[in-house]
Amino acid sequence: MKLTIEVIKKKIEERKIFKRNRKSIEIKILAGLLYYLGLSLRKVSLFPSQFEEISHEAVRIYYHKIKEVLNEPERKEMNTIVIDETKLKTENETILV
């Protein structure tokens, strides 16, 4: 699954990472992504400032809030059940593991 701005936005909204939304979530994601890709905080803050006023400190805060979503590994569905017991009781049968 590729991470697009829409997918990241959906994950952030589900987790309710940003409590206040004075700035648009897309601007926060864009700023966080630009910093994640290696630009400096001050250079990143110049680009979104053309749309909304944003400081380099705000970019740093946005990045630290969304970095969990950016570094999240993909989950694989597993069909294996792991049991951490020595006895497994099913209906009328007891199985020693």
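Preceding block: the structure.
Residues numbered from 1 in each chain as written. Predicted model: local features only at pLDDT ≥ 70, side-chain atom pairs only at ≥ 80, totals over all residues. Heavy atoms only, no water.

A. Summary view of the pattern of salt bridges. One pass over the full model with this rule turns up two salt bridges. A salt bridge links Lys9 to Glu26, with the shortest nitrogen-to-oxygen separation between them at 2.6 Å. In this pair, Lys9 sits in helix 1 (residues 5-15) while Glu26 sits in helix 2 (residues 25-36), placing the two residues 17 residues apart along the sequence. Across the pair Glu57 and Arg60 runs a salt bridge whose closest N-O atoms are separated by 2.6 Å. Of this pair, Glu57 and Arg60 are both found in helix 4 (residues 56-70), three residues apart, which corresponds to roughly one turn of the helix. On the basis of relative accessible area, Glu57 is assigned to the partly exposed category, the value being 35%. Looking at Arg60, the relative accessible area reads 33%, which means it is partly exposed. (Salt bridge = Lys/Arg side-chain N within 4 Å of Asp/Glu carboxyl O. Helix = DSSP H or I, 4+ residues; strand = E, 2+ residues; numbered from the N terminus. Buried < 20%, exposed > 50% of the residue type's maximum accessible area, 1.4 Å probe, protein only.)

B. Spatial organisation of the packing of helix 1 against helix 2. At a minimum axis distance of 10 Å, the contact between helix 1 and helix 2 shows a crossing angle of 110 degrees. Considered as vectors, helix 1 and helix 2 are oriented roughly perpendicular to each other. Relative to helix 2, the crossing made by helix 1 is right-handed. Mapping the contact onto sequence places Ile5, Ile8, Lys9, Ile12 and Glu13 in helix 1 and Ile25, Glu26, Ile29 and Leu33 in helix 2. Taken together, the residues of the contact of helix 1 with helix 2 break down into six nonpolar, no polar and three charged. (Axes fitted to C-alpha atoms, helices over the stretch in contact; angles between N-to-C directions. Parallel < 35°, antiparallel > 145°, perpendicular 65-115°, else oblique. Left-handed = near helix turned anticlockwise from the far one by under 90°. Contact = heavy atoms within 4.5 Å. Nonpolar A, V, L, I, M, F, W, Y, C, P; charged D, E, K, R; others polar.)

C. Inspection of unusual backbone geometry at higher detail. One non-glycine residue with positive phi stands out, namely Lys16, at about 55 degrees. Counting through the fold element by element, Lys16 comes out in the loop between helix 1 and helix 2. Since its relative accessible area comes to 65%, Lys16 is described here as exposed.

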